[in-house]
Amino acid sequence: MGEKPPPDPPAGTHGSPRGGSPVTPALANGGLRGEAQRLAARLFHLDGFKKSQVAAFLRKNNDFSGMVAREYLDFFQFGGQTLDQALRSFLQALVLTGETQERERILSHFSRRYHRCNPGAFPSPDAVHSLTCAIMLLNTDLHGQRLGRAMTSAEFVANLSGMMDGAGFPQGAAEGSVRLHPQREAGVGSG
(Lines give C-alpha, C1' and ligand atoms only; values in the text may rest on other atoms or scores of the structure.)
Protein backbone atom coordinates (compact mmCIF):
# COMPACT_ATOMS: atom_id res chain seq x y z
CA MET A 1 0.00 0.00 0.00
CA GLY A 2 1.60 3.29 -1.14
CA GLU A 3 1.80 6.40 0.96
CA LYS A 4 -0.47 9.26 0.09
CA PRO A 5 1.57 12.36 -0.89
CA PRO A 6 1.18 15.33 1.47
CA PRO A 7 -1.30 17.99 0.44
CA ASP A 8 -0.03 21.12 -1.22
CA PRO A 9 -0.55 24.43 0.59
CA PRO A 10 -3.76 26.30 -0.26
CA ALA A 11 -4.48 26.86 -3.93
CA GLY A 12 -3.34 30.18 -5.29
CA THR A 13 -0.27 30.48 -3.03
CA HIS A 14 3.35 30.13 -3.92
CA GLY A 15 3.58 27.35 -1.34
CA SER A 16 3.47 24.55 -3.86
CA PRO A 17 6.94 23.32 -4.76
CA ARG A 18 5.82 23.83 -8.34
CA GLY A 19 5.41 27.54 -7.40
CA GLY A 20 4.39 30.42 -9.58
CA SER A 21 0.66 30.76 -8.90
CA PRO A 22 -0.69 34.24 -8.21
CA VAL A 23 -1.20 35.21 -4.59
CA THR A 24 -4.84 35.22 -3.53
CA PRO A 25 -6.28 38.52 -2.23
CA ALA A 26 -6.66 37.06 1.29
CA LEU A 27 -2.97 36.23 1.43
CA ALA A 28 -1.90 39.52 -0.12
CA ASN A 29 -3.49 41.37 2.82
CA GLY A 30 -0.91 40.31 5.41
CA GLY A 31 -1.78 36.62 5.48
CA LEU A 32 1.15 35.60 3.32
CA ARG A 33 3.65 35.71 6.20
CA GLY A 34 1.30 33.72 8.43
CA GLU A 35 0.86 31.15 5.68
CA ALA A 36 4.66 30.93 5.33
CA GLN A 37 5.04 30.49 9.11
CA ARG A 38 2.46 27.70 9.20
CA LEU A 39 4.04 25.88 6.27
CA ALA A 40 7.54 26.30 7.74
CA ALA A 41 6.38 24.84 11.07
CA ARG A 42 4.83 21.85 9.30
CA LEU A 43 8.03 21.33 7.30
CA PHE A 44 10.25 21.61 10.37
CA HIS A 45 8.14 19.17 12.40
CA LEU A 46 7.60 16.91 9.35
CA ASP A 47 3.87 17.25 9.88
CA GLY A 48 2.56 15.65 6.69
CA PHE A 49 5.94 15.87 4.97
CA LYS A 50 9.03 13.70 4.58
CA LYS A 51 12.59 14.98 4.83
CA SER A 52 12.92 14.40 1.10
CA GLN A 53 10.09 16.89 0.41
CA VAL A 54 11.26 19.83 2.52
CA ALA A 55 13.82 21.30 0.10
CA ALA A 56 11.22 21.65 -2.66
CA PHE A 57 9.45 24.31 -0.57
CA LEU A 58 12.62 26.27 0.30
CA ARG A 59 14.54 26.42 -2.97
CA LYS A 60 12.31 28.27 -5.41
CA ASN A 61 13.17 31.78 -6.53
CA ASN A 62 9.99 33.54 -5.47
CA ASP A 63 8.93 35.66 -2.51
CA PHE A 64 6.79 33.03 -0.83
CA SER A 65 9.48 30.34 -0.97
CA GLY A 66 11.96 32.86 0.45
CA MET A 67 9.59 33.63 3.32
CA VAL A 68 9.06 29.93 4.02
CA ALA A 69 12.83 29.36 3.99
CA ARG A 70 13.45 32.23 6.44
CA GLU A 71 10.69 31.03 8.76
CA TYR A 72 11.93 27.43 8.51
CA LEU A 73 15.53 28.41 9.33
CA ASP A 74 14.31 30.41 12.34
CA PHE A 75 13.51 27.06 14.00
CA PHE A 76 17.25 26.28 14.07
CA GLN A 77 19.30 27.61 16.96
CA PHE A 78 22.91 27.62 15.74
CA GLY A 79 24.25 29.91 18.49
CA GLY A 80 27.61 28.72 19.84
CA GLN A 81 27.97 25.99 17.20
CA THR A 82 30.86 25.77 14.79
CA LEU A 83 29.89 26.12 11.15
CA ASP A 84 30.38 22.42 10.43
CA GLN A 85 28.25 21.44 13.47
CA ALA A 86 25.44 23.77 12.38
CA LEU A 87 25.63 22.55 8.79
CA ARG A 88 25.42 18.94 9.93
CA SER A 89 22.36 19.60 12.10
CA PHE A 90 20.69 21.50 9.26
CA LEU A 91 21.39 18.77 6.70
CA GLN A 92 20.00 16.13 9.07
CA ALA A 93 16.63 17.88 8.93
CA LEU A 94 16.16 17.74 5.17
CA VAL A 95 17.46 16.14 2.00
CA LEU A 96 19.24 18.84 -0.02
CA THR A 97 17.89 18.25 -3.51
CA GLY A 98 17.33 20.28 -6.64
CA GLU A 99 19.45 21.89 -9.29
CA THR A 100 22.72 23.52 -8.29
CA GLN A 101 21.28 27.04 -8.04
CA GLU A 102 18.35 25.75 -5.99
CA ARG A 103 20.62 23.96 -3.51
CA GLU A 104 22.81 27.07 -3.36
CA ARG A 105 19.73 29.17 -2.58
CA ILE A 106 18.93 26.94 0.41
CA LEU A 107 22.55 27.13 1.60
CA SER A 108 22.35 30.91 1.30
CA HIS A 109 19.35 30.93 3.67
CA PHE A 110 21.32 28.66 6.02
CA SER A 111 24.33 31.01 5.88
CA ARG A 112 22.26 34.08 6.77
CA ARG A 113 20.69 32.25 9.72
CA TYR A 114 24.07 30.97 10.95
CA HIS A 115 25.45 34.51 10.80
CA ARG A 116 22.44 35.91 12.75
CA CYS A 117 22.99 33.27 15.45
CA ASN A 118 26.79 33.81 15.53
CA PRO A 119 27.38 37.43 14.45
CA GLY A 120 30.98 37.50 15.67
CA ALA A 121 32.10 34.26 14.02
CA PHE A 122 32.41 35.70 10.49
CA PRO A 123 32.19 39.26 9.17
CA SER A 124 29.16 38.65 6.93
CA PRO A 125 26.62 36.10 5.71
CA ASP A 126 28.54 36.03 2.41
CA ALA A 127 31.69 34.87 4.22
CA VAL A 128 29.67 32.12 5.92
CA HIS A 129 28.21 31.17 2.56
CA SER A 130 31.65 30.94 0.93
CA LEU A 131 32.92 28.58 3.60
CA THR A 132 29.67 26.60 3.64
CA CYS A 133 29.87 25.97 -0.10
CA ALA A 134 33.55 25.06 0.23
CA ILE A 135 32.72 22.52 2.95
CA MET A 136 30.04 21.03 0.73
CA LEU A 137 32.53 20.76 -2.14
CA LEU A 138 35.08 19.19 0.17
CA ASN A 139 32.49 16.62 1.22
CA THR A 140 31.75 15.87 -2.43
CA ASP A 141 35.48 15.51 -3.11
CA LEU A 142 35.80 13.13 -0.16
CA HIS A 143 32.75 10.97 -0.84
CA GLY A 144 32.06 11.49 -4.55
CA GLN A 145 33.22 9.50 -7.53
CA ARG A 146 36.99 9.76 -7.74
CA LEU A 147 38.15 11.48 -10.95
CA GLY A 148 41.68 12.11 -9.72
CA ARG A 149 43.50 12.47 -6.45
CA ALA A 150 41.70 13.94 -3.45
CA MET A 151 42.31 17.53 -2.39
CA THR A 152 44.76 17.95 0.49
CA SER A 153 44.13 20.13 3.54
CA ALA A 154 46.67 22.67 2.29
CA GLU A 155 44.96 22.86 -1.10
CA PHE A 156 41.56 23.32 0.54
CA VAL A 157 42.82 26.20 2.68
CA ALA A 158 44.67 27.76 -0.29
CA ASN A 159 41.51 27.60 -2.42
CA LEU A 160 39.71 29.75 0.18
CA SER A 161 42.28 32.56 0.05
CA GLY A 162 40.46 35.88 -0.35
CA MET A 163 36.99 34.31 -0.05
CA MET A 164 36.06 35.96 3.25
CA ASP A 165 34.83 39.29 1.92
CA GLY A 166 38.12 39.71 0.04
CA ALA A 167 40.32 38.60 2.93
CA GLY A 168 41.53 35.21 4.09
CA PHE A 169 39.66 33.18 6.67
CA PRO A 170 41.21 33.27 10.16
CA GLN A 171 43.77 30.59 10.93
CA GLY A 172 41.81 27.50 11.85
CA ALA A 173 38.41 28.47 10.43
CA ALA A 174 38.95 26.62 7.15
CA GLU A 175 41.33 24.07 8.62
CA GLY A 176 38.77 23.10 11.26
CA SER A 177 36.45 21.77 8.58
CA VAL A 178 39.31 19.79 7.09
CA ARG A 179 40.25 18.20 10.44
CA LEU A 180 36.92 16.43 10.33
CA HIS A 181 38.51 14.15 7.75
CA PRO A 182 42.05 13.12 8.84
CA GLN A 183 42.63 11.21 5.61
CA ARG A 184 42.71 14.63 3.88
CA GLU A 185 46.21 15.27 5.21
CA ALA A 186 47.55 12.60 2.90
CA GLY A 187 45.18 13.47 0.05
CA VAL A 188 43.44 10.11 0.34
CA GLY A 189 39.66 9.81 0.15
CA SER A 190 37.48 6.96 1.26
CA GLY A 191 35.36 6.96 -1.85
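Predicted, not measured: the structure shown is a model, and the values here were computed from it.

Novice: Can you explain the packing of aromatic side chains? Please cite residues and give values.
Specialist: All chains considered together, the criterion is met by 12 aromatic pairs. Among the aromatic side chains, those forming a connected cluster through ring pairs are F44, Y72, F75, F76, F78, F90, F110, Y114 and F122.

Novice: I'd like to hear about the nonpolar core, residue by residue, with values.
Specialist: Membership of the largest hydrophobic core comes to 35 residues, with the highest contact counts inside it found for L43, L58, Y72, F78, F90 and F110. Where this core is concerned, the elements lending two or more residues are α1 (25-44), α2 (51-58), α3 (63-73), α4 (83-93), α5 (100-117) and α6 (125-143). For this core, the element with the most residues is α3, which contributes 6 residues. For F78, the residues in contact, after removing those within four places along its chain, are L73, A86, S89, F90, F110, R113, Y114, C117 and N118.

Novice: Give a detailed account of the pattern of salt bridges, specifying residues and quantitative values.
Specialist: Applying the stated rule across the entire model yields 7 salt bridges. Notably, a salt bridge pairs E102 with K60, separated by 3.3 Å at the nearest N-O pair. With E102 in helix α5 and K60 in the loop between α2 and α3, the pair connects residues that are 42 residues apart, well separated along the chain. Each member of the salt-bridge network shares a partner with another, and the members are R59, K60 and E102.

Novice: Quick one: what's the story with the side chain of R113, residue by residue and with numbers?
Specialist: Examined against the element boundaries, R113 turns out to sit in helix α5. According to the relative accessible area criterion, R113 is buried, its value standing at 10%. Those residues in contact with R113, other than ones at most four positions away along the chain, are L73, D74, F76, Q77 and F78.

Novice: Just give me the short version of the packing of α4 against α5, but keep the residues and values in it.
Specialist: Where α4 meets α5, the axes come as close as 11 Å, and the angle between the chain directions of the two elements is 130°. In terms of orientation, α4 and α5 fall into the oblique class. By crossing handedness, the relation of α4 to α5 is classed as right-handed. Residues L83, A86, L87 and F90 of α4 form the contact with α5, whose participating residues are I106, L107, F110 and Y114. Within the contact of α4 with α5, the residues separate by chemical class into 8 nonpolar, no polar and no charged.

Novice: Explain α3 to me, and be specific about the residues and the numbers.
Specialist: Owing to its 3.6 residues per turn, the α-helix aligns residues three or four sequence positions apart on the same side. Burial analysis of α3 places 9 of its 11 residues in the buried class, which makes it a mostly covered element. When we look at burial in α3, the residues that qualify are F64, S65, G66, M67, V68, A69, E71, Y72 and L73.

Novice: With reference to specific residues and values, describe unusual backbone geometry.
Specialist: Most of the time, phi is negative for any residue but glycine, and the peptide bond is trans. Although it is not a glycine, L46 sits at a positive phi angle of roughly 50°. Locating L46 in the fold gives a position in the loop between α1 and α2. A residue is classified by how much of its surface remains accessible, and L46, at 32% relative accessible area, is partly exposed.

Novice: Explain the environment of F90 residue by residue, including any values.
Specialist: With respect to the helices, strands and loops of the structure, F90 is situated in helix α4. Under the relative-accessibility criterion, F90 is labelled buried at 0%. For the pair F90 and L73, spaced 17 residues apart in sequence, the C-alpha to C-alpha distance is 8.6 Å. Those residues in contact with F90, other than ones at most four positions away along the chain, are Y72, L73, F76, F78, I106 and F110.

Calculation rules
Residues numbered from 1 in each chain as written. Predicted model: local features only at pLDDT ≥ 70, side-chain atom pairs only at ≥ 80, totals over all residues. Heavy atoms only, no water. Phe/Tyr/Trp six-rings, centres within 6.5 Å; stacked < 30°, edge-to-face > 60°. Core = buried A, V, L, I, M, F, W, Y, C linked by side-chain atoms within 4.5 Å. Buried < 20%, exposed > 50% of the residue type's maximum accessible area, 1.4 Å probe, protein only. Helix = DSSP H or I, 4+ residues; strand = E, 2+ residues; numbered from the N terminus. Contact = heavy atoms within 4.5 Å. Salt bridge = Lys/Arg side-chain N within 4 Å of Asp/Glu carboxyl O. Axes fitted to C-alpha atoms, helices over the stretch in contact; angles between N-to-C directions. Parallel < 35°, antiparallel > 145°, perpendicular 65-115°, else oblique. Left-handed = near helix turned anticlockwise from the far one by under 90°. Nonpolar A, V, L, I, M, F, W, Y, C, P; charged D, E, K, R; others polar.

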